[in-house]
Amino acid sequence: SLVFYKEATDGQILEEGFNEAGALSSFIAAGTAYSTQNINTIPFYTYYSMFGPQRVGDLIWAAADMRCRGFLVGATSGRTTLNGEGLQHQDGHSHLLLSSVPNCLAYDPAFAYELAVIIRHGIYRMYEKQDSVFYYLSVGNENYPMPVMPEGVKDGIIKGMYKFKASAKKGSTLRAQLFGSGAIMNQVLDAQKILEEKYNVGTDVWSVTSYNEIRREALHIERWNTLHPLEQPQVPYITSLLEKEDGVFVAASDYMKTLPDAVSRWSPRKLVSLGTDGFGRSESRIALRDFFEVDSRHIVYATLGSLYREKKISADVLKTAAKDLNINPDKLNPMIS
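Here's a quick rundown of the structure. (Residues numbered from 1 in each chain as written. Predicted model: local features only at pLDDT ≥ 70, side-chain atom pairs only at ≥ 80, totals over all residues. Heavy atoms only, no water.)

When you go through the protein chain residue by residue, the secondary structure sums to 13 helices and 9 strands. By the compact-globule yardstick of 20 Å for 337 residues, the protein chain fits well, its C-alpha radius of gyration being 21 Å. Taken over the C-alpha atoms alone, the protein chain extends approximately 70 × 55 × 35 Å along its principal axes. Every one of the 337 residues in the protein chain was classed for burial, and the buried ones make up 50%. Residue pairs in contact within the protein chain that sit at least 24 positions apart in sequence constitute 76% of those at least 6 positions apart. About 16900 Å² of surface is accessible on the protein chain, with carbon and sulfur atoms providing 54% of the total. When the 35 basic and 38 acidic side-chain charges of the protein chain are each reduced to a single mean position, those positions are 5 Å apart. (Helix = DSSP H or I, 4+ residues; strand = E, 2+ residues; numbered from the N terminus. Rg over C-alpha atoms; globule rule 2.2 N^0.38 Å. Buried < 20%, exposed > 50% of the residue type's maximum accessible area, 1.4 Å probe, protein only. Contact = heavy atoms within 4.5 Å. Areas by Shrake-Rupley, 256 points an atom, 1.4 Å probe, with all protein chains shown as cover. Lys, Arg positive; Asp, Glu negative; His and termini not counted. Charge placed at Lys NZ, Arg CZ, Asp CG, Glu CD.)

Moving on, we come to the pattern of salt bridges. A full pass over the atoms with the stated rule returns 17 salt bridges. Note that aspartate 290 is salt-bridged to arginine 297, the shortest N-O span being 3.1 Å. Judged by its relative accessible area of 27%, aspartate 290 falls in the partly exposed class. (Salt bridge = Lys/Arg side-chain N within 4 Å of Asp/Glu carboxyl O.)

Moving on: the sheet that holds strand 2 (residues 71–75). Pairing between the strands of a sheet comes from backbone hydrogen bonds, and it takes one of two forms, parallel or antiparallel. The 4 strands are arranged 1-2-4-3 in an open sheet whose pairing can be described as parallel. Here the strands that pair on one side only, and so sit at the sheet edges, are strand 1 (44–48) and strand 3 (104–107). Pairwise comparison of adjacent strand axes, ignoring direction, gives a mean angle of 20° for this sheet. Pairing of strand 1 with strand 2 involves 5 bridges; the strand directions are parallel. Bridged to phenylalanine 44 within strand 2 is phenylalanine 71. The sheet contacts of helix 1 (residues 20–31) involve strand 1 and strand 2, and relative to strand 1 the element is tilted by about 160°. (Pairing = 2+ DSSP bridges. Axes fitted to C-alpha atoms, helices over the stretch in contact; angles between N-to-C directions.)

With that settled, the discussion passes to the sheet that holds strand 8 (residues 248–252). Reading across the sheet, the 5 strands line up as 5-7-6-8-9 and stay open at both edges, with mixed pairing between neighbours. Unpaired on one side and paired on the other, strand 5 (161–165) and strand 9 (271–274) mark the two borders of the sheet. Averaged over neighbouring strand pairs, the angle between their axes works out to 30° when direction is ignored. Relative to strand 9, strand 8 runs parallel, the two being bridged by 4 bridges. When the sheet's bridge partners are listed, phenylalanine 249 is paired in strand 9 with leucine 271. Across the sheet, helix 7 (residues 185–199) lies against strand 5, strand 6 (174–180), strand 7 (201–208) and strand 8, angled at about 170° from strand 7, the strand it touches most. Sitting on the sheet, helix 12 (residues 296–309) is in contact with strand 6, strand 7, strand 8 and strand 9, with an inclination near 155° to strand 8.

Turning our eyes to something else, we now look at the packing of aromatic side chains. Tallying each qualifying case throughout the model produces 9 aromatic pairs. With a centroid separation of 4.7 Å and 35° between ring planes, the pair formed by tyrosine 45 and tyrosine 47 is classed as tilted. Like tyrosine 45, the residue tyrosine 47 is buried in the burial classification. A ring pair is formed by phenylalanine 179 and phenylalanine 249, whose centres lie 5.7 Å apart and whose planes are at 45°; its orientation type is tilted. Here phenylalanine 179 is found in strand 6, whereas its partner phenylalanine 249 is found in strand 8, with 70 residues between them in sequence. Phenylalanine 249 carries the same exposure label as phenylalanine 179, and that label is buried. A cation sits over an aromatic face here: arginine 55 above phenylalanine 51, 4.0 Å from the ring centre. Cation over ring: arginine 69 sits above tyrosine 34, and NZ or CZ is 3.7 Å from the ring centre. (Phe/Tyr/Trp six-rings, centres within 6.5 Å; stacked < 30°, edge-to-face > 60°. Lys NZ or Arg CZ within 6 Å of the ring centre and 35° of its normal.)

The next thing to look at is the nonpolar core. Judged by nonpolar contacts, the single largest core of 54 residues is most densely connected at Phe111, Tyr135, Val201, Ile299 and Leu304. When residues in this core are grouped by element, the largest group, 6 residues, is from helix 7. (Core = buried A, V, L, I, M, F, W, Y, C linked by side-chain atoms within 4.5 Å.)

Another aspect to go through is the side chain of arginine 79. Here arginine 79 shows up in the loop between strand 2 and helix 4 (94–98). Within the buried core, arginine 79 has no salt-bridge partner, and the shortest N-O distance to an opposite charge, that of aspartate 91, equals 5.6 Å. Separated by 2.9 Å, the side chains of arginine 79 and histidine 93 make a polar contact. Here glycine 278 takes part through its backbone oxygen, which lies 2.9 Å from a polar atom of the side chain of arginine 79. (Polar contact = N/O pair within 3.5 Å; in protein donor to acceptor, adjacent residues only side chain to side chain.)

Right, let's talk about helix 5 (residues 112–128) for a bit. Helix length check: helix 5, at 17 residues, gives a terminal C-alpha distance of 23 Å against a target of 24 Å (1.5 Å per residue), a fit within 8%. Here helix 5 has its buried residues at Tyr113, Glu114, Val117, Ile118, Gly122, Met126 and Tyr127. Buried positions along helix 5 lie against strand 2, strand 3, strand 4 (134–138), helix 6 (154–159), strand 5 and strand 7. Positioned one or two residues after helix 5, glutamine 130 has a phi angle of 65°, which is positive. (Expected span 1.5 Å × (residues − 1).)

What follows is the structure in structure tokens.
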């Protein structure tokens, strides 16, 4: 592509090639300049997300230990977006690895406005409040339209979850809550449309920008409740969001199922997790999402299966749906195949 490019005299761009250790060392130097040089810099280190904590995890831990500030940007993130590159480049676990770093705030935004809100809040925390934290932002390489930011969602974006699109079927007796993240959000939105139009399931879609931040907040609340047994228990953010919502809960992301599972114990009802456990494959996005069972068809089928287990739909409806959606229950398990 021919695109506009400019280098500013009051900034700097480093292109260090295939040298993750050197590039992250530059990130650390810039991210600690506030203390070593008395100069605030805001470093953005952009790289293939697969080549972050998996390849240079010790340096990321060193950055955390040195109270480094800045933004790690894991590009081409997720296990199904970088089709054709195989297992070497397909990341389904960077958020899990970074969950072990105490002062790293990891986000998996789906839309441009989410990214903008997170970056602005990160600058506020690191450079206005002077908090010793740094950020990981997983971003994709798939082109799709960017919606306008709904009103009143900024706080939810930062906390890790908010309702993105409410159901158009207000009077339906069948209900579902779908949780989408990053690269798989559009599959979730397609699933919402199928569920409402073909199966009369009133479906709300939630954008989960950070399972890690949801879990940390819930653990903080849980700890407070444990240490204050004589006081009124506090309620975790995710519980307060979902406790009055009707229907089954299904989460889908381009990361391992462990990520949504990490918050499931604070869910008011059972949470069904769909994710990309297993190795990557050199295939098209469509084929990869079918293989890992995170496309709209599998999201719809998982939702209908949950409704059947709750005795909300009949076995005949489920059998017909499996045929219509071309679901093969005997296909290879991507986790072990």
